[in-house]
Amino acid sequence: MSDDRAETNNKKDDVTTSRRDFLKNIGIAGASTLMAGSASAGVPADSPDPDAESTAAEWLQGHFVLMSEEDKKEAINRLEKRYTAKYDKKTTVANTPPLEGVLFGYALNIGKCIGCRRCVHACVQENNQSRTNPVIHWIQVMKIPKGNFAFTADKLNDGYPKSSAFGDYGVQVGGNAYAPVGGLATEHAQSYYSADEMVPDKDYFYVPVQCQQCEKPPCVKACPVRATFRDPNGVVVIDYNWCIGCRMCQLACPYQARRFNWGEPNLPPEEMNPKTHYFGNRPRMRGVMEKCTFCVQRTREGRNPACLEACPVGARKFGNLLDPESDVRKILATKKVFRFKEEMSTYPKFFYYIG
Amino acid sequence: MKPQIAPTTVIIVLALFAVVAGGLALVGGLDTQKAKSTAVEEQAKATDAQPVTDCFESRVAYTAVTRTENIVPQYGYPNIKCSPKTSGVLWYGDPFDGTIPMGEMPEVTDATRGDFVNAVVKPREPRLTYFNMGPDGCATCHNGTMVVFPKDKKPRLITMHQDIVANSLQLQHGRGAIWCLDCHSATNRNKLVDRQGREFSFNQPQRLCGSCHGEVYIDWREGIHGKRIGAWATGGKKRWWVCTECHNPHTVQTNRFNPINAELPPPPPKGMKNADHERVGQNEH
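The structure displayed is predicted, hence computed values, not measured ones.

(A) Region of interest: the sheet that holds strand 13 (residues 316-320) of chain A. Residue and element names in this part refer to chain A. Pairing is mixed across the open sheet formed by four strands, whose spatial order is 13-2-15-14. Two strands in the sheet have a free side with no partner beyond their single neighbour: strand 13 and strand 14 (336-338). Strand-to-strand twist across the sheet, computed as the mean angle between neighbouring axes with direction ignored, equals 30°. With five bridges joining them, strand 2 (residues 104-109) and strand 13 adopt antiparallel strand pairing.

(B) Geometry of the domain arrangement of chain B. Residue and element names in this part refer to chain B. Entries for chain B in the domain assignment read domain 1 (47-94) and domain 2 (97-258). For domain 1 and domain 2, the distance between their C-alpha centres works out to 25 Å. Taken residue by residue, the interface counts eleven residues in domain 1 and 17 residues in domain 2. Of the roughly 1,200 Å² buried at the junction of domain 1 and domain 2 (both faces included), carbon and sulfur atoms supply 43%. It is Ser58, Arg59 and Tyr62 in domain 1 that bury the most area against domain 2; as a group they hold 53% of the surface buried on that side. Run the count over domain 1 and domain 2 and you get two salt bridges.

(C) Spotlight on the state of the cysteines. Applying the stated criterion across every chain, the model contains one disulfide over all chains. Here Cys55 of chain B is linked by a disulfide to Cys82 of chain B, with a sulfur-sulfur distance of 1.9 Å. Because the torsion about its S-S bond is 80°, the bridge between Cys55 of chain B and Cys82 of chain B counts as right-handed. Of this pair, Cys55 of chain B sits in strand 1 (residues 54-56) while Cys82 of chain B sits in strand 3 (residues 80-82), placing them 27 residues apart in sequence. Assigned by exposure class, Cys55 of chain B and Cys82 of chain B land together as buried. With no disulfide of its own, Cys214 of chain A lies closest to Cys211 of chain A among cysteine sulfurs, the gap being 6.3 Å. This cysteine, Cys212 of chain B, is not joined by any disulfide, and Cys183 of chain B carries the nearest cysteine sulfur, 6.9 Å off.

(D) Looking closely at the pairing of strand 7 (residues 204-209) of chain A. Residue and element names in this part refer to chain A. Most of strand 7 is tucked away, with six of its six residues classed as buried. Neither face of strand 7 is left uncovered, since the one carrying Tyr204, Tyr206 and Pro208 and the one carrying Phe205, Val207 and Val209 both have all their residues buried. Judged from the six bridges that link them, strand 3 (residues 140-145) and strand 7 form a sheet pairing that is antiparallel. Paired with Met142 across the two strands is Val207, which belongs to strand 7.

(E) Structural view of the nonpolar core. Residue and element names in this part refer to chain A. Membership of the largest hydrophobic core comes to 72 residues, with the highest contact counts inside it found for Val207, Phe294 and Tyr352. Ignoring sequence-local partners within four residues, the contact set of Phe294 consists of Phe104, Gly105, Tyr106, Cys211, Gln213, Val235, Thr299, Pro305, Phe318, Lys349 and Phe350. Counting residues in hydrophobic clusters, the runner-up holds 15 residues, among them Cys219, Ile244, Phe260 and Met289.

(F) Fine view of the pattern of salt bridges. A full pass over the atoms with the stated rule returns 25 salt bridges over all chains. The shortest N-O distance in the salt bridge between Asp327 of chain A and Arg228 of chain B comes to 2.5 Å. Taken together, the positions of Asp327 of chain A in helix 9 (residues 327-334) and Arg228 of chain B in strand 9 (residues 228-230) put the pair across two chains. Overlapping salt bridges bring together Glu126, Arg298, Arg303 and Glu309 of chain A as one network.

(G) Inspection of the domain arrangement of chain A at higher detail. All names here are of chain A. Split into domains, chain A comes out as domain 1 (2-91) and domain 2 (104-354). Counting residues at the interface gives 18 residues for domain 1 and 23 residues for domain 2. For the pairing of domain 1 and domain 2, the buried interface totals around 1,700 Å² over both sides, and the portion due to carbon and sulfur atoms is 61%. Our enumeration of links across domain 1 and domain 2 arrives at zero salt bridges. Where domain 1 packs against domain 2, one counts eight residue pairs in polar contact (both at pLDDT 80 or more). Here the side of domain 1 that touches domain 2 is composed, by residue class, of six nonpolar, six polar and six charged.

Reading the values: rules and limits
Residues numbered from 1 in each chain as written. Chains lettered and ligands numbered in written order. Predicted model: local features only at pLDDT ≥ 70, side-chain atom pairs only at ≥ 80, totals over all residues. Heavy atoms only, no water. Pairing = 2+ DSSP bridges. Helix = DSSP H or I, 4+ residues; strand = E, 2+ residues; numbered from the N terminus. Axes fitted to C-alpha atoms, helices over the stretch in contact; angles between N-to-C directions. Domains from an automatic or database assignment. Contact = heavy atoms within 4.5 Å. Buried area = accessible area lost by both parts, 1.4 Å probe. Salt bridge = Lys/Arg side-chain N within 4 Å of Asp/Glu carboxyl O. Disulfide = S-S within 2.5 Å. Buried < 20%, exposed > 50% of the residue type's maximum accessible area, 1.4 Å probe, protein only. Core = buried A, V, L, I, M, F, W, Y, C linked by side-chain atoms within 4.5 Å. Polar contact = N/O pair within 3.5 Å; in protein donor to acceptor, adjacent residues only side chain to side chain. Nonpolar A, V, L, I, M, F, W, Y, C, P; charged D, E, K, R; others polar.

As structure tokens, then:
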């Protein structure tokens with residue numbers, strides 16, 4: 001679980017001070033008040049509860065990227081111990097470093113997607129989302145009407161501007177214009193369509209949306225504490241322990257890709273995935289943000305994301321954007337590719353394509 | 001972008017930290033947390049009593065797979081996890097469970113080299129009803145005596161296999177341009193056959209399909225059409241889906257991919273009983 005390369009490539013000595021040092025220097029009084037505060041919230045000082053100690057230690061934990069190797073190891077041991085006890089199974093919290101020379105990209109074929117939502121639930125299984133109250137899905141599948149293409153001959157002469165007391169006003173349109181139009185407009189998208197439907201419905205197409213792993217991520221810009229940041233593989237991750245739950249990132253994201261734990265997550269122990277990563281699928285706590293990480297716990301070890309593996313039609317492709325032989329690069333080279341909400345200039349590395 | 005933390009940031013961080021930590025200490029009192037987790041355990045026991053074990057991957061029935069526990073002992077992973085709603089496979093504990101090498105593939109001389117070195121597939125033969133009716137596969141009946149070998153490729157009405165092809169004179173593939181014996185060998189029924197007379201195993205349908213659908217085959221070979229799971233890296237070990245795991249060769253004209261059931265949606269937004277608001281204005285303008 002040791003990490004021989006830092007999460008980001010910046011030099012350690014750039015960092016003049018850390019929160020922990022800061023606390024050490026001037027904040028001791030504040031910190032002890034804090035600990036006293038949480039102790040008075042229910043734990044007697046001599047409690048045998050292992051959680052109490054680790055909770056206190058977690059309050060004092062710094063930004064993971066800036067922690068020393070020993071501190072990281074300690075933090076991870078703490079988490080592994082806690083999760084193993086809580087979920088009653090041997091849980092590992094990996095700190096697998098980012099890969100060398102890799103920029104992750106994703107491509108999704110909206111011509112193939114049938115809207116079955118298997119990716120959504122694969123993601124839930126893999127990434128330990130809260131199952132009930134709150135229900136958290138990182139992927140949202142939009143069902144978008146193809147639009148009314150039922151032109152009729154009897155409307156050929158309709159569409160003149162209406163007359164009123166003020167005279168004729170408006171612009172003349174063709175008589176077949178008064179029906180929703182197709183296109184990738186989210187205005188008519190349905191994200192809650194029923195599971196009782198057989199899919200695909202021939203009158204709709206389907207567009208799954210998840211974190212687009214922007215090269216210029218507005219969420220990272222919005223985060224006041226840099227708990228969310230872009231890793232060297234281009235994936236935007238979150239240090240859940242550093243997150244303060246202000247939800248600025250959620251507002252900043254044009255793709256509605258971020259989810260907030262409004263309550264204590266409910267994760268049944270037998271469904272819990274015990275293979276986790278610190279920045280990925282380890283169980284989260286109340287009051288923190290979470291979102292798709294391209295399954296950092298899998299992809300940093302060479303395996304495909306869970307959503308891709310679940311897709312029954314093969315609409316999802318993942319790979320290294322720096323490798324010209326990768327599936328994504330070949331798609332970029334040969335298919336009709338676009339980015340969702342390109343006008344936001346967020347430069348996603350999640351591409352949609354046709355063909 | 002470098003996550004440097006400037007002293008001013010630290011002060012802001014500290015301020016926010018104190019506020020939020022205080023708030024969390026209030027709401028997240030440790031003993032309430034504990035009470036909740038036991039409630040969760042009970043709830044979980046009630047809802048998730050028995051995992052679904054009879055599942056399918058892409059094509060209903062034809063990609064059946066059974067859940068086996070503890071295939072990856074390190075994490076206690078089963079081979080697959082399935083949807084309680086649709087029995088669709090949602091998650092792979094072991095992406096290579098039940099696979100065999102893809103087998104011989106024609107050499108590809110472009111830069112991709114087909115990436116076949118570490119290619120594995122799930123064999124199709126065990127999935128076929130008629131292949132498993134006797135010790136000799138299809139040849140149990142199609143041995144030249146029990147069922148005589150057809151003399152030519154001319155379409156005729158077949159009085160057998162209606163469960164596979166309802167009406168052999170209206171085969172739903174190729175709009176009348178092809179028939180059974182363009183794909184099935186006349187004299188060696190255990191094999192598929194292309195129009196040049198080359199025989200392929202049912203486990204390698206891509207070589208048959210590819211002989212007519214060259215363009216799709218190129219994409220499939222490059223990993224664009226179809227599906228591969230396992231390693232993402234070029235040259236890594238991958239399980240490939242063969243054509244017939246998604247397409248039913250006898251019905252592609254009706255449905256290229258047969259519709260399946262959808263999985264559960266997220267619950268409606270907080271405070272809403274349903275999501276009808278999504279449909280407002282659907283048919284106006």
